[in-house]
Amino acid sequence: MTLLLTEVSGHGVVMVAESAVGSLGRTPYTHRASFRLAYGARKVIPVPRLHCGVGIWGVGAVETKEPYAYTPDVWVADFLEARQDLASIAECAEALKDELLKVLIHIPGSAVTL
């Protein structure tokens with residue numbers, strides 16, 4: 001579960017999130033269910049030039065031409081850094097949606113809704 005807090009005030013919008021990442025799996029020999037809790041995922045990616053942020057949560061990975069997949073926080077931050085040409089929040093949201101629809105790894109039982 002991700003906690004993402006957004007506050008709108010006279011000073012602007014503030015987004016805050018915890019950074020834990022949990023995953024379910026199986027142990028290698030006994031195949032018992034296991035839960036792993038890791039720390040360090042960025043769930044709010046700031047976009048200072050547009051005065052906004054992108055919130056990320058849920059299970060997923062982003063497939064690339066590389067032989068591995070990226071975690072969403074790394075992929076989104078790199079995409080936003082590479083796309084300095086995006087001049088508005090609407091342009092940014094549309095470009096991000098279009099690119100994610102090309103590269104999201106489908107997780108069985110989930111639906112992509114962007």
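Here, the structure is the one placed above.
None of the values given here were measured: they were computed from a predicted structure.

Conventions used here
Residues numbered from 1 in each chain as written. Predicted model: local features only at pLDDT ≥ 70, side-chain atom pairs only at ≥ 80, totals over all residues. Heavy atoms only, no water. Pairing = 2+ DSSP bridges. Helix = DSSP H or I, 4+ residues; strand = E, 2+ residues; numbered from the N terminus. Core = buried A, V, L, I, M, F, W, Y, C linked by side-chain atoms within 4.5 Å. Buried < 20%, exposed > 50% of the residue type's maximum accessible area, 1.4 Å probe, protein only. Contact = heavy atoms within 4.5 Å. Phe/Tyr/Trp six-rings, centres within 6.5 Å; stacked < 30°, edge-to-face > 60°. Patch = residues over 30% accessible without salt bridge, like charges linked within 9 Å, V, L, I, M, F, W, Y side chains within 5 Å. Areas by Shrake-Rupley, 256 points an atom, 1.4 Å probe, with all protein chains shown as cover. Salt bridge = Lys/Arg side-chain N within 4 Å of Asp/Glu carboxyl O.

*Asks:* Where do I start with the pairing of strand β6 (residues 52–55) in this structure?
*Replies:* Remember that side chains alternate between the two faces of the sheet whenever the strand is regular. Sheet topology note: the strand β5 (residues 44–47)/β6 ladder contains 4 bridges and is antiparallel. Residue pairing for β6: V44 is matched across the bridge by G55. Between β5 and β6, which pair antiparallel one after the other, the connecting turn spans 4 residues, and H51 there sits at a positive phi close to 55°.

*Asks:* Help me out: how do you make sense of the nonpolar core in this one?
*Replies:* Core analysis: the biggest nonpolar cluster contains 17 residues, and I45, V54, W75, V76, F79, L80 and L96 have the highest contact counts within it. Elements supplying a minimum of two residues to this core: β5, α1 (72–82) and α2 (89–103). Leaving out residues up to four positions away in the same chain, V76 has contacts with I45, V54, I56 and L96.

*Asks:* For this particular structure, what's the right way to read the packing of aromatic side chains?
*Replies:* Both the distance between ring centres and the angle between the ring planes are used here to describe each pair of aromatic rings. Under the counting rule described, the total for this entry stands at 1 aromatic pair. Ring geometry for W75 and F79: centres 5.3 Å apart, planes at 10°, overall stacked. You can see W75 and its partner F79 sitting in helix α1, 4 residues apart, about one turn around the helix. On the basis of relative accessibility, which here comes to 9%, the residue F79 falls in the buried class.

*Asks:* Help me understand a nonpolar patch on the surface, please; the structure alone is not making it clear to me.
*Replies:* Together, L5, V14 and V16 line one region of the surface with nonpolar side chains, adding up to about 260 Å² of accessible area. If you trace the backbone, L5 turns up in strand β1 (residues 4–9). The exposure class assigned to L5 is exposed, which follows from its relative accessible area of 52%.

*Asks:* Would you take a moment to explain unusual backbone geometry for this structure?
*Replies:* Trans is the common state for peptide bonds, and a negative phi is the common state for residues other than glycine. Phi at H31 takes a positive value of approximately 60°, unusual for a residue other than glycine. Position of H31 among the secondary structure elements: in the loop between β3 (20–26) and β4 (33–39). With relative accessibility at 51%, the residue H31 sits in the exposed group. Despite not being glycine, H51 has its phi angle at roughly 55°, a positive value. Counting through the fold element by element, H51 comes out in the loop between β5 and β6.

*Asks:* Is there a simple way to think about the environment of A20 in this case?
*Replies:* Its location among the elements puts A20 in strand β3. On a C-alpha basis, the gap between A20 and R42 in space is 8.8 Å, while along the polypeptide they are 22 residues apart.

*Asks:* Help me understand the pattern of salt bridges in this model?
*Replies:* Side chains bearing opposite charge may pair, as long as their charged atoms lie close to each other. Applying the stated criterion to the full structure yields 3 salt bridges. D85 serves as the salt-bridge partner of R83, at 2.8 Å between the closest nitrogen and oxygen. According to the relative accessible area criterion, R83 is partly exposed, its value standing at 28%. Notably, a salt bridge pairs D98 with K97, separated by 3.7 Å at the nearest N-O pair. Residue D98 is classed as partly exposed on the basis of its relative accessible area of 35%. K97 gets classed as partly exposed once you look at its relative accessible area, which sits at 26%. The network of salt bridges with common partners includes E94, K97 and D98.

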